[in-house]
Amino acid sequence: MSFRAVYIPIGVPTFHLESAQKEFEKSIALLKSIDETTSVPDEMLLSADKLNAFLEDKNPDLLIVQNVTFANSAYISEVLRRFNAPVLLWTLREPVIDGGRLRLNSLTGAYSAANALKFFNRPFEYIFGSPDEERVKSKISAVYSAAKIRKELKSLNILQIGHTPQGFGFGRALDSEVMTVFGSNLLSIEARELIDNAKSFSDDEIKEYLSDATERINGLDDIDEKNVLDFARLYKAYSDYVKTNNIGALSSRCWPDFFVSFGTPVCSVLGILNDLGVASACEADTYGALSMFIAQKLTNKSVFFGDPVSMDENENTLTFWHCGMAPCSLAREDTGACAGLHCNRKIGPTLEFGCKSEEKVTVLRIGKKPDGSFRMFISSGEALDKPKQFFGTSIVVKTKNNAFDILNSSVTSGWEPHFAVAMGDIEEELKALSNMLGIEVEEY
């Protein structure tokens, strides 16, 4: 079902209604510019009867509650009694300060509303300012995006392929946790199921997959022909399962199974799937895949997934790397995505390249604390124009904050060794989403 945001401008008729009407009209224009499907009332809701009549047929995914003038907590309490959707509380700035009449008194109304929200134990986002302020538009846009992702998570099918390797249990997910915290459906299969499917395909059945991969990856002709054909078989096996089961994100076991039991790595398959819009993490890291899905949806771009492996104090950079499964679209223009051999197993094809520059990136991770509760890692910076740093794929991030401090603090805080790097600034969206999901945020 489509996303539904509802604008609820509450107040009372004893304030300066001409000023309130102007803010009401400007607010509608702003909200419609962000999402034209936003449901808005024909008039300000200046009585309990008008509020109830407007709310009667609504089924919101986001509530924008604005004190267009002062209103006591009975108004917001009625909204909270009816709905359990995320709330953005919006306070208007006083339009005139001239020693005369208080026109709106929106801020006092916000205190009343926020007090009720806390007693209802409901998390909410908050913004103070007029509709024509850029900061207000930016914040409201971020909350819309977060609420949309929250809704998408409820219809997401995540596929967990195989178990995490020994010592990598941080990525292992439980279906009950994924359902209760994120609202998503976790499916699980063994890696051998997809390996067996891949083995069953003839050369004719994989032609289109081989052709597609050749368009994306340079140098496949330099890799052993059997390995290339088997890679195309894996590509078809994964694609078929994703399409048949409506998978939006997946985590896949990789080593040692695909080297030992199949003879060909799955790395390049995961890289291509990421470019096809299926967030795909290796080493069976399901919470890594979920982090990638969120980043992908918020940026509409493919996401890098990897380990922090190097830090340069002079450049203030952190390098993220993995064996060779980054999305081909992130490769530097001068090299493109190149085929190579796995750095440890010496079997291909894996992907080999450094990532191109990006003016703004966000590093994120859905992680778990020792008590089992979730937390969100958020850091930001820019991706530098750097060649491949090691065998495999790499991206060099110049962090906004001190890279040494980020490294030291994140290690001593016990963060997992896998992170997603999103191509864009999505800090505000991630913080709003975490709040909606009840997840603690740690900014670095």
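Novice: I keep staring at the sheet that holds strand β6 (residues 185-189) and nothing clicks. Help me out?
Specialist: Through backbone hydrogen bonds, the strands of a sheet pair up, either in parallel or in antiparallel fashion. The strand order across the open sheet built from 4 strands is β6-β5-β7-β8, with neighbouring strands paired in parallel fashion. The open sheet has two free edges, formed respectively by β6 and β8 (279-281), since each of these has just one partner strand. Within the sheet, the average angular offset between the axes of one strand and its neighbour, ignoring direction, is 15 degrees. Across the face of the sheet, helix α11 (residues 267-275) comes into contact with β7 (249-252) and β8 while running at roughly 155 degrees to β8.

Novice: Got a minute to help me understand the packing of aromatic side chains in this structure?
Specialist: By convention here, two paired aromatic rings are described through the distance between centres and the angle between planes. Scanning the model with the defined rule gives 13 aromatic pairs in all. Their ring planes at 20 degrees and their centres at 6.4 Å tell us that F231 and Y235 sit as a pair that is stacked. In this pair, F231 and Y235 both sit in helix α9 (residues 225-244), 4 residues apart, roughly one turn of the helix. For the pair shown, F231 and Y235 are each scored as buried. Their ring planes at 80 degrees and their centres at 5.4 Å tell us that F377 and W415 sit as a pair that is edge-to-face. Of the two residues, F377 sits in strand β14 (residues 374-383) while W415 sits in the loop between α13 (403-412) and β16 (419-422), which places them 38 residues apart along the sequence.

Novice: Sorry if this is basic, but what is going on with the pattern of salt bridges here?
Specialist: Should their charged atoms come close, side chains of opposite charge can pair. For the structure on display, the rule yields 36 salt bridges. The residue K386 makes a salt bridge to E315 at a minimum N-O spacing of 2.7 Å. A residue pair is termed long-range when its members are at least 10 positions apart, and K386 in the loop between β14 and β15 (393-399) and E315 in the loop between β9 (304-312) and β10 (317-322) qualify at 71 residues. For E315, a relative accessible area of 30% gives the class partly exposed. Salt bridges sharing common partners tie together E56, E78, R81 and R82.

Calculation criteria
- Residues numbered from 1 in each chain as written.
- Predicted model: local features only at pLDDT ≥ 70, side-chain atom pairs only at ≥ 80, totals over all residues.
- Heavy atoms only, no water.
- Pairing = 2+ DSSP bridges.
- Helix = DSSP H or I, 4+ residues; strand = E, 2+ residues; numbered from the N terminus.
- Axes fitted to C-alpha atoms, helices over the stretch in contact; angles between N-to-C directions.
- Contact = heavy atoms within 4.5 Å.
- Phe/Tyr/Trp six-rings, centres within 6.5 Å; stacked < 30°, edge-to-face > 60°.
- Buried < 20%, exposed > 50% of the residue type's maximum accessible area, 1.4 Å probe, protein only.
- Salt bridge = Lys/Arg side-chain N within 4 Å of Asp/Glu carboxyl O.

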